[in-house]
Amino acid sequence: MTLGKKAFGVGIVALTGLCAFGVIGVVVYVMTTIIIGGHHMMSWTFLTAAPAEGMTAGGIFPAIAGTFFLVVIMSAVGVPVGTITAIYLAEYVRQDSWIAKSIRFAVNTLAGIPSIVFGLFGLGFFIQFVGRNMDKLMTPQGELVWGQPCILWASLTMALLTLPVVIVSVEEAVKAVPRDLREASLALGATKWQTILRIVLPNSITGILTGGILAVSRGAGEVAPILFTGAAYFLPHLPTKLSDQFMELGYHVYIMSTQSTNVEQTAGIQYATTLVLLLLTFLLNFTAIYLRFWMRKRSLQ
Amino acid sequence: MENETSRVVIRADKVSLWYGAKRALCDISMDMQEKCVTAFIGPSGCGKSTFLRLFNRMNDLIDNVRISGNIVIDGVDVYQTSIDVVDLRRKVGMIFQKSNPFPKSVFENVAYGPRIQGIRNRGDLDAIVEQCLRQSALWDEVKDGLHGSALGLSGGQQQRLCIARALAVKPEILLMDEPASALDPLSTAKIEELIYTLKNDYTIVIVTHNMQQASRVSDYTAFFYMGELIEYDKTPMMFTSPKLKRTEDYITGRFG
């Protein structure tokens, strides 16, 4: 080997290594900045109090609660719909048929649409079309109840956005249920639906949970879909009904850093809010990873 | 052992089967007698399992299968369009090569069939579970752990649990697809004893790789080779004086 070739080899190792460590570096830098900037604001009061004095003091409780409500309603809609779609895809339709192909194409496309497009879709479809027409039917005086941004439409928009995550993860789990068990059930005179309900679904429950949690952690980090569909700048109270607006962590960070009267003064609050949002997302992701690990371990036994 | 007046329960008439363009079964015609054990023997890939799975239409689950000829069970052609496959499978139970208990408790495994038929009464279920576990000679081993996981049982126990689970549906026919091939000799002996007692009440068709097993448990033996039925006779005849040289060669271990 010539000296030139050796040097070239060393250069490649250095370059690939640099890129790889660069990734770690970015994560470390982001996390350190946020922790340094926000840790002094973190307190019990910060987590449990409402914003005060024009959002330059106080806590972020309404945003935490709003995020929580958002993901709960989103999951309550998205997980069942995604699960049912996945079951149809994995169990009922022939894998090489055009129906299966078009569903898969739609799911992949849905996963690739920018989140702001979902936000605009939510505004156009849920609020202006569905909501306005509901109002016309239910309140003859023309009051605005559903035809305006609210937590229901925001959650439904978010459910659409996270649907592909749920479908993919449930479909994987459903397909992983051993053929043996399905055959055993069918051979006992169970119908296909009984087999799905009693054997396939119980054995893919962890996959469904994983899908739900991945959807939640994806949804909790998105701001664009709720920008026009329900998130509020500031609300002194929590949402009490589905037609109320709500505060949300990601949106709170966005408005604090762009719309606030004094961005410098609230820097600590912004860092701390970001930290809470990140911790929440990490927590959910780790739960998903742990569930998968547990599922794999159990299926090996 | 043999009963000359016995009734034909399963009749196969010129049955052929194709996987895509590949012909796996070739014009098979044979009758199987009520409350007898019929063994299917032959080398791997000879079509014996495929043939067995026609009787409860388990081949329906595989794409690109084409069948010709008739399978008649109790006088009814099971491939006619008006047949309810679910009813057929309740009448024709199946035990698989690899024991496949559900990841549920012992009790819930046996109660699965009755439950899907709508039996909810706890007393009825208790009675069925106990009766079927006794029938499959497993009761004494599991009666104190009915609600423990079925996956905690040994391989042989799991297979007997699968038999109990199949019996709980009250079938008339039991299809066994190499039920003991994954078991140790002691567990195999227990399964064989069980088959011997079960034939008092059920018509049994068993696929086996094991010549000794076929000669021990069956009344009739059918030898398959390359998708064809080569020879079919009473078991003692097959093992002492087979008519064809190919059968003799296989039985004595000269090929296969």
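Small disclaimer: the values here were computed from a predicted structure and weren't measured.

So, the sheet that holds strand 7 (residues 173-177) of chain B
Residue and element names in this part refer to chain B. Read across the sheet, 6 strands follow the order 6-7-8-3-9-10 without closing on themselves; strand pairing throughout is mixed. The sheet is open, and its two edges are formed by strand 6 (92-95) and strand 10 (228-234), each paired on a single side. For this sheet the average axis-to-axis angle between neighbouring strands, irrespective of direction, equals 15 degrees. Across 4 bridges, the pairing between strand 6 and strand 7 is parallel. Paired with valine 92 across the bridge in strand 7 is isoleucine 173.

Observations concerning the layout of surface pockets
All names here are of chain A. A volume near 650 Å³ is recorded for the second largest pocket. Broken down by secondary-structure element, the contributors of at least two residues to the lining of the second largest pocket are helix 3 (61-92), helix 6 (151-176), helix 7 (179-187) and helix 8 (192-203). Ranked by the residues each element gives to the lining of the second largest pocket, the list is headed by helix 7, at 4 residues. For the lining of the second largest pocket, the class distribution of residues is 9 nonpolar, 2 polar and 9 charged.

Notes on the packing of aromatic side chains
The geometry of an aromatic ring pair is captured by the separation of the ring centres together with the interplanar angle, meaning the angle of the planes. Counted according to the given criterion, the structure contains 16 aromatic pairs over all chains. Above the plane of the ring of tyrosine 92 of chain A lies lysine 192 of chain A, whose end atom (NZ or CZ) is 5.2 Å from the centre. A cation over a ring is seen here: arginine 165 of chain B above phenylalanine 102 of chain B, with NZ or CZ 4.4 Å from the ring centre.

Digging into the interface of chain B and chain A
The interface is formed by 24 residues belonging to chain B together with 18 residues belonging to chain A. Taken over both partners, the interface formed by chain B and chain A buries close to 1,800 Å², and the fraction arising from carbon and sulfur atoms is 60%. The shortest N-O distance in the salt bridge between lysine 98 of chain B and aspartate 180 of chain A comes to 3.0 Å. Linking chain B with chain A are 7 residue pairs in polar contact (both at pLDDT 80 or more), by the criterion used here. Going through the elements one at a time, helix 2 (85-91), strand 6, helix 3 (106-116) and helix 6 (155-167) of chain B are the ones with two or more residues in the side of chain B that touches chain A. Looking at the side of chain B that touches chain A residue by residue, the class counts come to 14 nonpolar, 2 polar and 8 charged.

Reading guide: rules and limits
Residues numbered from 1 in each chain as written. Chains lettered and ligands numbered in written order. Predicted model: local features only at pLDDT ≥ 70, side-chain atom pairs only at ≥ 80, totals over all residues. Heavy atoms only, no water. Pairing = 2+ DSSP bridges. Helix = DSSP H or I, 4+ residues; strand = E, 2+ residues; numbered from the N terminus. Axes fitted to C-alpha atoms, helices over the stretch in contact; angles between N-to-C directions. 1 Å grid on protein atoms, 1.4 Å probe; cavity = no way out; pocket = protein on both sides within 12 Å on 5 of 7 lines; lining within 4 Å. Points joined across faces, edges and corners; volume = space filled by probe spheres on them. Nonpolar A, V, L, I, M, F, W, Y, C, P; charged D, E, K, R; others polar. Phe/Tyr/Trp six-rings, centres within 6.5 Å; stacked < 30°, edge-to-face > 60°. Lys NZ or Arg CZ within 6 Å of the ring centre and 35° of its normal. Contact = heavy atoms within 4.5 Å. Buried area = accessible area lost by both parts, 1.4 Å probe. Salt bridge = Lys/Arg side-chain N within 4 Å of Asp/Glu carboxyl O. Polar contact = N/O pair within 3.5 Å; in protein donor to acceptor, adjacent residues only side chain to side chain.

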